[in-house]
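# Secondary and tertiary structure notes
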Amino acid sequence: MRKGLGDWYFIVPGADDTFSYMEGIYTHRLTPDYPIEMGKRSTKPGYAVLNLPAVYSLTYQVMDLLYQQAPVANMYMERLKDRWVIHMKDTRLNGVSVELADFIKRSTKQGRVRYVSEYDALSIESEEELLSVSLSVDIKDWLRKKGEQTDKSMQDITADILIEVYRRENIY
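The sections below set out a description of the structure shown in this document.

Conventions adopted
Residues numbered from 1 in each chain as written. Predicted model: local features only at pLDDT ≥ 70, side-chain atom pairs only at ≥ 80, totals over all residues. Heavy atoms only, no water. Core = buried A, V, L, I, M, F, W, Y, C linked by side-chain atoms within 4.5 Å. Buried < 20%, exposed > 50% of the residue type's maximum accessible area, 1.4 Å probe, protein only. Helix = DSSP H or I, 4+ residues; strand = E, 2+ residues; numbered from the N terminus. Contact = heavy atoms within 4.5 Å. Phe/Tyr/Trp six-rings, centres within 6.5 Å; stacked < 30°, edge-to-face > 60°.

Moving on to the nonpolar core. L66, M77, W84 and L122 are the most contacted members of the largest nonpolar core, which totals 31 residues. Contributing elements (two or more residues each) for this core: β1 (9–12), β3 (48–53), α2 (57–69), β4 (75–80), β5 (83–88), α3 (98–107), β8 (112–116) and β9 (121–125). In terms of residue count, α2 provides more of this core than any other element does, seven residues in total. Apart from the residues lying within four places of it in its own chain, the contact partners of W84 are M1, I11, L50, N51, L52, A54, T59, Y60, M63, M77, E78 and R79.

What follows is the structure, encoded as structure tokens:
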């Protein structure tokens, strides 16, 4: 595991014991089963969010699969008491069993999960999509000023407005 941009460490599933990378290797003779790929950071907006029980064998199977196939640069894992919360960019996982795919689907709190059983492939995607919009100079200037007043980006101001209109339209 790795905390933020800090040092790597080993975690013992179930016991929640942790060892620094060096302590794990030299004192406890632990070794990684495969190389961890940092990968290239995705610039696509949004994250899918998985909320997994901390002490559960399928949770560690999911984490193992993610470390093997998803770039670490596109994941953030956080331990909250009895849960692992994983924020991740879009990814495709191969060799996923039906049981594990169902577990991931049930554990997804944000995002979309699609499973193709004939290929044992699972895709996990953010619900956010990028949208380019052409606007008049006046509207763009207005957005820029609103952003400066509220300390938000023009994209955030525009998204807030669209979300508000969408909710208003879909409440009734």
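The discussion continues.
Across all of its chains, the model carries two aromatic pairs by this definition. An angle of 65° between the planes, with centres 5.8 Å apart, marks the rings of Y47 and Y76 as edge-to-face. Placement of Y47 in the loop between α1 (21–26) and β3 and of Y76 in strand β4 is noted, with a sequence separation of 29 residues between them. Y47 gets classed as partly exposed once you look at its relative accessible area, which sits at 22%. Taking the relative accessible area as the measure of exposure, Y76 reaches 41% and is therefore partly exposed. Measuring from ring centre to ring centre gives 5.5 Å for Y56 and F103, while their planes differ by 45°; the resulting arrangement is tilted. Separated by 47 residues along the polypeptide, Y56 in the loop between β3 and α2 and F103 in helix α3 bring together distant segments of the chain. A residue is classified by how much of its surface remains accessible, and Y56, at 40% relative accessible area, is partly exposed.

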